[in-house]
Amino acid sequence: MELLDDIDVLEREFDTLVAHVTRDCAEIATELARPLPCDSARIIACQRRITGYVRDVSALLPKLNIAESRLAAEARARAEAEGGRPLLPPRWYTLRMRADRLRSDMNQWHEIQALIAQQAPPTPQPLYWASDGRPAAAVTQADVSDTLFNSLHKLLNPQSQDAAAYDHGCYPDIGLSNSVFLEHAHAAYRAFLAQRRRHGARFLDVGCGAGLKVVSAVEFFERADGIEFDVGYADTAKALFDAMGLGQCHVMQADALTFEAYGDYDVIYFYRPMRDEAAMRALEARIVEQARPGTLLIAAYGGFAARHADLGCGRLDGHVYVAGANEAQANELRNAAEHIGVSVRRRETKLQGLWEPLLAASHANGYGIRRVTPIRV
């Protein structure tokens with residue numbers, strides 16, 4: 001009976017520690033989710049308490065070891081007297097498993113502290129590199145990557161544009177350099193996080209060709225779709241998504257000039273899919289007319305830059321625009337987006353543990369912990 005009392009004491013001590021850490025963790029997560037500036041003093045106070053709990057967990061482990069030794073000795077004596085295997089009480093195995101998980105969680109506290117420090121308060125970072133601010137090595141690496149990407153594109157989609165698509169006024173499957181596209185997509189991703197929407201971002205590529213930009217976009221956005229008029233190109237994109245097992249990517253063989261679901265998306269990308277200037281302007285007007293206010297538009301060409309204000313869009317930065325926004329509103333969103341971190345951490349698979357609220361709040365702020373094995377779907 002005395003040993004079972006020991007288990008009762010250890011369970012209460014363990015439950016109290018978990019409750020305290022959970023409370024302070026939730027308090028920090030709540031502060032990180034608030035609009036800037038957050039209450040840094042409150043966050044620091046919680047961190048200090050959690051650091052104390054780390055020490056308490058370290059002190060609890062020897063008690064567990066002593067209790068386990070006593071329980072094991074009693075189990076061996078009982079087995080010798082009564083026969084059978086020397087089994088400890090089932091409650092003990094549950095407690096030990098929970099204690100091991102708690103120790104594992106608390107061993108990550110130094111990483112979690114570093115993650116919090118980046119956000120309380122965050123240091124603003126521009127959405128784009130200045131044209132002369134990128135390191136020469138980064139420029140070279142991007143050029144090499146783009147060359148490889150273009151070769152891959154030709155390998156995946158060697159076919160010529162079909163006659164119907166040409167007659168409709170569509171451009172063939174030629175795309176923006178992938179490194180430049182990633183700059184725009186990353187800026188749009190940070191702006192989406194700054195909007196504090198409560199759903200995963202939905203991305204649309206208008207005139208997606210073989211679908212490689214859609215594949216790139218899904219690294220930032222939860223769902224990525226493409227519209228393609230050319231039947232052959234659309235079939236190639238579908239085959240690519242299927243071969244890669246990307247269930248969150250879809251292609252629609254459709255006419256962008258009559259498409260009626262632009263309002264379903266949070267980020268819309270178009271890079272002059274139409275050859276004819278009048279058709280291109282009609283497409284711009286249709287997209288802007290249907291897009292919900294706040295939709296982020298990646299329009300990486302000069303024509304839209306000249307027309308965006310007349311279309312009722314504010315320029316966020318670079319070639320990213322905000323539908324239904326004036327320049328003041330776009331500037332306000334850009335300032336908020338610059339305070340979002342630059343990490344991209346897909347979290348479709350959540351980690352169950354003490355730090356999950358903090359990791360989720362940090363992810364919503366653009367921050368995450370690098371992992372040797374990334375979290376995948």
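On a predicted model such as this, the values are computed, not experimentally measured, just so you know. (Residues numbered from 1 in each chain as written. Predicted model: local features only at pLDDT ≥ 70, side-chain atom pairs only at ≥ 80, totals over all residues. Heavy atoms only, no water.)

## Let's talk about the overall build of the protein chain
Alright, step 1. The number of helices and strands found in the protein chain is 13 helices and seven strands.
Alright, step 2. In summary, the protein chain has a C-alpha radius of gyration of 27 Å against a globular reference of 21 Å for 377 residues, an excess of more than 25%.
Alright, step 3. By its C-alpha atoms, the protein chain is 90 × 50 × 40 Å across when sized along the principal axes.
Alright, step 4. Surface accessibility of the protein chain: about 18900 Å² in total, with carbon and sulfur atoms responsible for 55%. (Helix = DSSP H or I, 4+ residues; strand = E, 2+ residues; numbered from the N terminus. Rg over C-alpha atoms; globule rule 2.2 N^0.38 Å. Areas by Shrake-Rupley, 256 points an atom, 1.4 Å probe, with all protein chains shown as cover.)

## Side note on the layout of surface pockets
Alright, step 1. Volume-wise, the second largest pocket comes out at about 580 Å³.
Alright, step 2. Taken together, 34 residues form the lining of the second largest pocket, with P172, D173, I174, G175 and G207 sitting closest to its centre.
Alright, step 3. Contributing elements (two or more residues each) for the lining of the second largest pocket: α5 (136–156), β1 (202–206), α8 (212–217) and β2 (223–228).
Alright, step 4. If you tally residues by element for the lining of the second largest pocket, the top one is α5, at four residues.
Alright, step 5. Of the residues in the lining of the second largest pocket, the class split is 20 nonpolar, seven polar and seven charged. (1 Å grid on protein atoms, 1.4 Å probe; cavity = no way out; pocket = protein on both sides within 12 Å on 5 of 7 lines; lining within 4 Å. Points joined across faces, edges and corners; volume = space filled by probe spheres on them. Nonpolar A, V, L, I, M, F, W, Y, C, P; charged D, E, K, R; others polar.)

## Focus on the side chain of D225
Alright, step 1. For D225, the position within the fold is in strand β2.
Alright, step 2. Here D225 falls in the buried class, since its relative accessible area comes to 2%.
Alright, step 3. In this structure the side chain of D225 is engaged in a polar contact, spanning 2.8 Å, whose partner is the side chain of R223.
Alright, step 4. Only 2.6 Å separates the side chain of D225 from the side chain of Y265, close enough to count as a polar contact.
Alright, step 5. Every residue in contact with D225, bar those within four places of it in the chain, is listed here: F203, L204, D205, V214, Q248, C249, H250, M252 and Y265. (Buried < 20%, exposed > 50% of the residue type's maximum accessible area, 1.4 Å probe, protein only. Polar contact = N/O pair within 3.5 Å; in protein donor to acceptor, adjacent residues only side chain to side chain. Contact = heavy atoms within 4.5 Å.)

## Brief notes about the pairing of strand β3 (residues 249–253)
Alright, step 1. As judged from the five bridges shared by β2 and β3, these two strands associate in the parallel manner. Within β3, the position partnered with D225 by the bridge is H250.
Alright, step 2. Handedness of the crossover joining β2 and β3 through helix α9 (residues 231–244): right-handed. (Pairing = 2+ DSSP bridges. Right-handed = clockwise from strand over helix to strand, strands pointing away.)

## As for the sheet that holds β1
Alright, step 1. Spatial ordering of the open sheet is given by β3-β2-β1-β4-β5-β7-β6, a layout of seven strands whose pairing is mixed. Two strands close off the open sheet at either side, each with one partner strand: β3 and β6 (313–317). Within this sheet the neighbouring strands show an average axis-to-axis angle of 25°, counted without direction.
Alright, step 2. In terms of strand pairing, β1 meets strand β4 (residues 267–270) through four bridges, oriented parallel. Counterpart to F203 in the pairing with β4 is V267.
Alright, step 3. On top of the sheet, helix α7 (residues 178–194) reaches β1, β4, β5 (296–299), β6 and β7 (320–323); it is set at about 170° to β5, its chief contact.
Alright, step 4. The strands that helix α12 (residues 327–338) touches are β5, β6 and β7; relative to β6, the one it contacts most, it runs at about 30°. (Axes fitted to C-alpha atoms, helices over the stretch in contact; angles between N-to-C directions.)

## Here's the deal with the pattern of salt bridges
Alright, step 1. A complete count under the given rule lists 25 salt bridges for this structure.
Alright, step 2. Ionic pairing is found between R197 and D266, a salt bridge with its closest N-O pair at 3.2 Å. Pair noted here: R197 is in the loop between α7 and β1 and D266 is in the loop between β3 and β4, with a separation of 69 residues, a long-range link.
Alright, step 3. Residue class for R197 comes out partly exposed when judged on its relative accessible area of 23%.
Alright, step 4. Since its relative accessible area comes to 0%, D266 is described here as buried.
Alright, step 5. A salt bridge links E277 to R281, with the nearest nitrogen and oxygen atoms 3.4 Å apart. Of the two residues, E277 and R281 are both situated in helix α10 (residues 277–290); the distance of four residues between them amounts to about one turn of the helix.
Alright, step 6. R281 gets classed as partly exposed once you look at its relative accessible area, which sits at 46%.
Alright, step 7. Look at the salt bridges and you will find they share partners, linking R272, E277, R281, E284 and R307 into a network. (Salt bridge = Lys/Arg side-chain N within 4 Å of Asp/Glu carboxyl O.)

## Some remarks on unusual backbone geometry
Alright, step 1. Following A120, the chain continues to P121 via a peptide bond in cis, the omega torsion being -5°.
Alright, step 2. Considering the arrangement of structural elements, one finds P121 in the loop between α4 (109–117) and α5.
Alright, step 3. Notably, R196 is not glycine yet its phi reads approximately 55°, a positive angle.
Alright, step 4. Although it is not a glycine, R272 sits at a positive phi angle of roughly 45°.
Alright, step 5. Looking at the secondary structure, you find R272 in the loop between β4 and α10.

## Quick word on a nonpolar patch on the surface
Alright, step 1. The grouping of L152, L155 and L156 at the surface amounts to a nonpolar patch, some 260 Å² of accessible area in total.
Alright, step 2. Assignment of secondary structure puts L156 in helix α5. (Patch = residues over 30% accessible without salt bridge, like charges linked within 9 Å, V, L, I, M, F, W, Y side chains within 5 Å.)

## Brief notes about the pairing of β1
Alright, step 1. Of all the five residues making up β1, four are buried; the element is thus mostly covered by neighbouring parts of the structure.
Alright, step 2. Bridge analysis of β1 against β2 gives five bridges, and the strand direction is parallel. Bridge pairing in β2 links V206 to I227.
Alright, step 3. For the handedness criterion, the β-α-β arrangement of β1, α8 and β2 is classed as right-handed.

## What to know about the nonpolar core
Alright, step 1. Counting residues in each nonpolar core, the largest one holds 44 residues, and the members touching the most others are F203, F221, F241 and L296.
Alright, step 2. The set of elements that each furnish at least two residues to this core consists of α7, α8, α9, β3, β4, β5, β7 and α12. (Core = buried A, V, L, I, M, F, W, Y, C linked by side-chain atoms within 4.5 Å.)

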